[in-house]
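Architecture at a glance
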Amino acid sequence: MTTPTPTLAVKVLRAPRAHRTSLVFAIACGVVAVMTLAAVFAPFVAPYPPDAVDFTAVNAGPSAAHWLGTDGLGRDLLSRLVFGARTALLGPLLVVIGSTIIGMLLGLLAGWRGGWIDAVLGRVFDVLFAFPSLLLAIMAVALFGKGLVAPVIAMSIAYAPFVARLTRALVKAERTRPYVAAYRVQGFGGAWIAFRRVLPNVTPIVGAQSTLNFGYVLAELAGLSFLGLGVQPPTPDWGAMINEAQSGVAGGYFLPAIVPAVAVVLVVVAVNIIGEELSDRIGGGVPA
Amino acid sequence: MSRLLDIDGLTLELHDGTRLLEGISLSVAPGETVGLVGESGSGKSLTARTVLGLVPERSRLGGRVRLDGREVIGAPARDILDLRRHAAAMIFQDPRAGINPMRTIGDHLTETLRRCEGKSAAEARARAIELLADVQLPRPEEHFGQYPHEFSGGMLQRVMIAGALTSSPKLLICDEPTTALDVTTQAEIVRVLVELRERRGMGMLFITHDLNLAASLCDRVVVMSRGRVEESGDARRVFTAPEADYTRRLIEATPSIAVRSLDGEAEADASAPAGPMLEVRGLDKQYQLRGRPPVHAVVEAELEIPRGGSLGVVGESGSGKSTLARMIVGLEQPDRGEVRIAGRERSTAPRSRAERIAHAKSVQMVFQDPYLSLDPRIPAGRAIQDVLRLHGGLDRVAAEARALELLEAVGLGERHLAARPKTLSGGQRQRVAIARALAIEPELLVMDEATSALDVSVQAQVLDLVAQLRAQRGLTVLFISHDLGVVRRVCERAVVMRRGEIVEQGPSERLLREPEHPYTRLLVDSVPRPSWEAAA
């Protein structure tokens, strides 16, 4: 029996349509790049130190001196936004890296070994899925204290099952591929094949999917600091900025709350666009 | 104008300017079968699809395509729909991909009848059952309510044919309709098609890569290569006295089972008399399936290959030949029985690293599909070096030099060292797979359908390579294939498997000439033969 191979006609008919999303994708990349650069070079980019108080301009609107205006304490919003980007971006980045490493290792173990290991890990993931990640983070804060470290670790664990589940499915599919059988016939050991060959082959797809988590984590961490459980003052942070601006909103000063909120939305949307585009390009639209 | 289909100077260009078809001309008369043959990528499917207006997005067409007296190119969508409904129908390679698995066979057939022909439910049902009987399915009434998963590939392809006939088309386009099927099933489908053509006076455009099949079925053939017509004419003339170089090469490359002179016998005796390289004794394997009776994949298999010899294992899908191969290379453990390679027991799973490596050194395997058996991320040179470093303990430089030697031995070169599988053609990939297997210098090489995913000319190259390696290195080969012609070309001896049992074994020439077991006879008789020879 011959395996049906797609003929030229089928390939041509199935060829993907031209990318109409490329402009949107480019803009999203631009947004993330600008934010990242601003965060890295904050001291050079920001016009003022983030905690410099200007009593002549409290809750001031945009002006030549303060492009985005000032908050209730007279601090420059643009500078706080730029410095705040550091924690806003660093937190999700660490969570994405952490959850990807944990998730891929567990997923590889479950998918490659199968059997009871797979069954046990599967139930553990189910339990973790049942916990809202924000709740887990709040619990971690309650146990280990406020700041960035506890929530980042808690959310790395909370997000790991998403990565693990995908990795497990991909590894399970990959395991049955003839190239893996070929490695076995050549005398390579199981661990070598799993770590050195199968894992790198699934990494691009898993990586692209992990990028999508960045946005969710950013929004959740911002929520955490809005509640006052995340990054502590005086370190500027977007979520904390919205919190501090609450009293101003009641007095009719919307800008100090809107500026960081828009920043959060912008980054989350941009990262999701990038993540989706990457998954489409790499994984051929593998559902998460 | 009596011609049913008339294609004149057809060209097809993609939006980026790539020209896929160049000046194709062919015609089909009512009641006539025209074969469209060529290797993959030659544009034969594309040509046929154009007839039904199935063209790639934003492509530009040139020339004329007249179907039943009406122009197809540039015709409004409504006219094309009408042509698809009444003038021509098409059946495809993989029947399972073309049918909705959630709906019954009856739904599949009556949908067209009710929507396009406006028949009532009862009329449609009666007609559908009639059609199922026409394609010689055994129990039409019962099949009507069955689901596709209850059908075998061959039965499903008959359903697809019945589906194509609902509109009583004047032209039936068959795009490799038997390629995914076993040879005995192919013979049944071809019989059905021939019978229908005769009864209905349909014209048929039959696309295939199999020259023997085209010769057995077609009145005229059109040979295509790289989007051009190389040669066309009366089938017998084209196959017996080809004019174009390409056709000649294609015919030479096609393995046939026609009885040869006795020079094959001499080869058979040339095998060295030393002890057997492979000894398989009472090998048995059952698969336990949940909720279903166990499948006896291999039953008490016995075989032996002398040093430097070659043995073919022939059988259809599900005959257990792949399971046998997987047990011999150690990918599966047998329930009972033993495998000895060069005198050593090799049927138990290796426990240590040293055992694993010793096992790999004794036997290597080349897999069916080179598109899947090479790691997509690893360049050819690296794949071979990994193996060399695992087995030979060579350092980086030595491994690189040896990898190049091996690539050269299989007809590749330095520029393929860094090539990823994606950038290599099917034949090149299979050469890399062979080089990788040879790097270990195994005592036995198992080739599991190693050429069936390849075009005939590439297959011929790979088979020549295997013959050459056997002559040079005294390699022992176990060659598994569904194709009798290929097995004959490679192996002195062959065994025939059916449902896990070895039904017959002997020199391959004898098996082809005087098959003893009825199943072997059926297999041999199912291989398509040129119509002019069959008549004689």
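Residues numbered from 1 in each chain as written. Chains lettered and ligands numbered in written order. Predicted model: local features only at pLDDT ≥ 70, side-chain atom pairs only at ≥ 80, totals over all residues. Heavy atoms only, no water.

**Comments concerning the overall build of chain B**
What chain B contains, in helices and strands, is 22 helices and 20 strands. In terms of its C-alpha atoms, chain B occupies a principal-axis envelope of roughly 70 × 50 × 45 Å. Across the 536 residues in chain B, those meeting the buried criterion constitute 55%. Taking contacts inside chain B between residues at least 6 apart in sequence as the whole, the part at least 24 apart equals 68%. Of the roughly 22,900 Å² of accessible surface on chain B, 47% is carried by carbon and sulfur atoms. Side-chain charges of chain B comprise 71 positive and 74 negative groups, with the mean position of each set lying 4 Å from the other. (Helix = DSSP H or I, 4+ residues; strand = E, 2+ residues; numbered from the N terminus. Buried < 20%, exposed > 50% of the residue type's maximum accessible area, 1.4 Å probe, protein only. Contact = heavy atoms within 4.5 Å. Areas by Shrake-Rupley, 256 points an atom, 1.4 Å probe, with all protein chains shown as cover. Lys, Arg positive; Asp, Glu negative; His and termini not counted. Charge placed at Lys NZ, Arg CZ, Asp CG, Glu CD.)

**Description of the UniProt feature "domain: ABC transporter" (unreviewed entry) in chain B**
Residue and element names in this part refer to chain B. As annotated in UniProt, the feature "domain: ABC transporter" (unreviewed entry) corresponds to residues 5-251 and 278-524 in the numbering used here. The annotated region residues 5-251 carries 40% helix and 25% strand content, and the separation between its end C-alpha atoms amounts to 27 Å. End C-alpha atoms of residues 278-524 are separated by 27 Å, and the span's content is 41% helix alongside 26% strand. (UniProt positions renumbered as here; feature names shortened; annotations may be inferred.)

**Notes on the pairing of strand β20 (residues 501-507) of chain B**
Regular strands show a simple pattern: their side chains alternate between the two faces of the sheet. Residues and elements named next belong to chain B. One ladder, built from 6 bridges, connects strand β19 (residues 493-498) with β20; its direction is antiparallel. Across the sheet, residue Ala-494 finds its bridge partner in β20, namely Gly-506. Hairpin connection between β19 and β20: a loop of 2 residues separates the two successive antiparallel strands, and Arg-499 in this loop has a positive phi of roughly 45°. (Pairing = 2+ DSSP bridges.)

**Details of the interface of chain B and chain A**
Taken together, the contact pairs 45 residues of chain B with 29 residues of chain A. Both faces combined, the contact of chain B with chain A buries some 3,200 Å², and carbon together with sulfur accounts for 60% of it. Where Arg-197 of chain A meets Asp-386 of chain B, a salt bridge forms, and the shortest distance between an N and an O atom there is 2.4 Å. Our count for the contact surface shared by chain B and chain A stands at 9 residue pairs in polar contact (both at pLDDT 80 or more). Going through the elements one at a time, α1 (44-51), α13 (353-362), β16 (363-366), α14 (370-373) and α15 (380-392) of chain B are the ones with two or more residues in the side of chain B that touches chain A. At 5 residues, the largest contribution of residues to the side of chain B that touches chain A is made by α15 of chain B. Broken down by class, the residue content of the side of chain B that touches chain A amounts to 21 nonpolar, 12 polar and 12 charged. (Buried area = accessible area lost by both parts, 1.4 Å probe. Salt bridge = Lys/Arg side-chain N within 4 Å of Asp/Glu carboxyl O. Polar contact = N/O pair within 3.5 Å; in protein donor to acceptor, adjacent residues only side chain to side chain. Nonpolar A, V, L, I, M, F, W, Y, C, P; charged D, E, K, R; others polar.)

**Considerations on the sheet that holds strand β14 (residues 336-341) of chain B**
All names here are of chain B. The antiparallel open sheet is built from 4 strands, whose spatial order is β12-β11-β14-β15. Strands with a single pairing partner mark the edges of an open sheet, and in this sheet they are β12 (295-306) and β15 (344-345). Bridging between strand β11 (residues 276-287) and β14 involves 5 bridges; their strand directions are antiparallel. Counterpart to Glu-279 in the pairing with β14 is Arg-340.

**A short note on the pairing of strand β4 (residues 60-67) of chain B**
All names here are of chain B. Pairing of strand β1 (residues 5-13) with β4, which is carried by 7 bridges, proceeds in the antiparallel orientation. Paired with Asp-8 across the bridge in β4 is Arg-64. Taken together, the 2 bridges between β4 and strand β5 (residues 70-71) define a ladder with antiparallel strand orientation. When the bridges of β5 are listed, Leu-67 appears paired with Arg-70. Count of turn residues in the β4/β5 antiparallel hairpin: 2 residues, of which Asp-68 carries a positive phi of about 55°.

**A short note on the UniProt feature "domain: ABC transmembrane type-1" (unreviewed entry) in chain A**
In this structure's numbering, the residues bearing the UniProt feature "domain: ABC transmembrane type-1" (unreviewed entry) are residues 89-275 of chain A. A distance of 15 Å separates the end C-alpha atoms of residues 89-275 of chain A, which is 84% helix and 0% strand.

**Remarks on the environment of Leu-484 of chain B**
Residue and element names in this part refer to chain B. If you trace the backbone, Leu-484 turns up in helix α19 (residues 484-490). Exposure remark for Leu-484: the relative accessible area of 11% places this residue in the buried category. As for Leu-484 and Val-194, which are separated by 290 residues in sequence, their C-alpha atoms are 24 Å apart.

**As for helix α2 (residues 77-87) of chain B**
Residue and element names in this part refer to chain B. Of all the positions in α2, only Ile-80, Leu-83 and Ala-87 are classed as buried. Buried residues of α2, seen end-on, are gathered within an arc of 75° and therefore sit on one face of the element. Facing away from the buried side of α2, by more than 90 degrees, are the exposed residues Ala-77 and Arg-78. (Arc of directions from axis to C-beta.)

**Some words on the packing of α15 of chain B against helix α17 (residues 426-439) of chain B**
All names here are of chain B. In contact at an axis separation of 9 Å, α15 and α17 are set at 15° when each is read in the N-to-C sense. Taken as axis vectors, α15 and α17 run roughly parallel relative to one another. Where α15 crosses over α17, the two elements pack in a sense that is right-handed. Residues Ala-380, Ala-383, Ile-384, Val-387 and Leu-388 of α15 touch α17, and the partners they reach there are Val-432, Ala-435, Arg-436 and Ala-439. Tallied by class, the residues present in the contact of α15 with α17 amount to 8 nonpolar, no polar and 1 charged. (Axes fitted to C-alpha atoms, helices over the stretch in contact; angles between N-to-C directions. Parallel < 35°, antiparallel > 145°, perpendicular 65-115°, else oblique. Left-handed = near helix turned anticlockwise from the far one by under 90°.)

**A look at unusual backbone geometry**
All names here are of chain B. Residues other than glycine seldom take positive phi values, yet Gln-136 does so here, at roughly 60°. By the secondary structure assignment, Gln-136 is in the loop between α4 (121-134) and α5 (140-143). At Ser-168, a position not held by glycine, the phi torsion is positive, near 45°. Along the chain, the position of Ser-168 falls in the loop between α6 (153-165) and β7 (171-175).

**Looking at the UniProt feature "transmembrane region" (unreviewed entry) in chain A**
The sites that carry the UniProt feature "transmembrane region" (unreviewed entry) are, in the present numbering, residues 23-46, 89-112, 124-142, 148-167, 214-233 and 253-274 of chain A. End-to-end, the C-alpha atoms of residues 253-274 of chain A are 34 Å apart, and along that stretch the chain is 91% helix and 0% strand.

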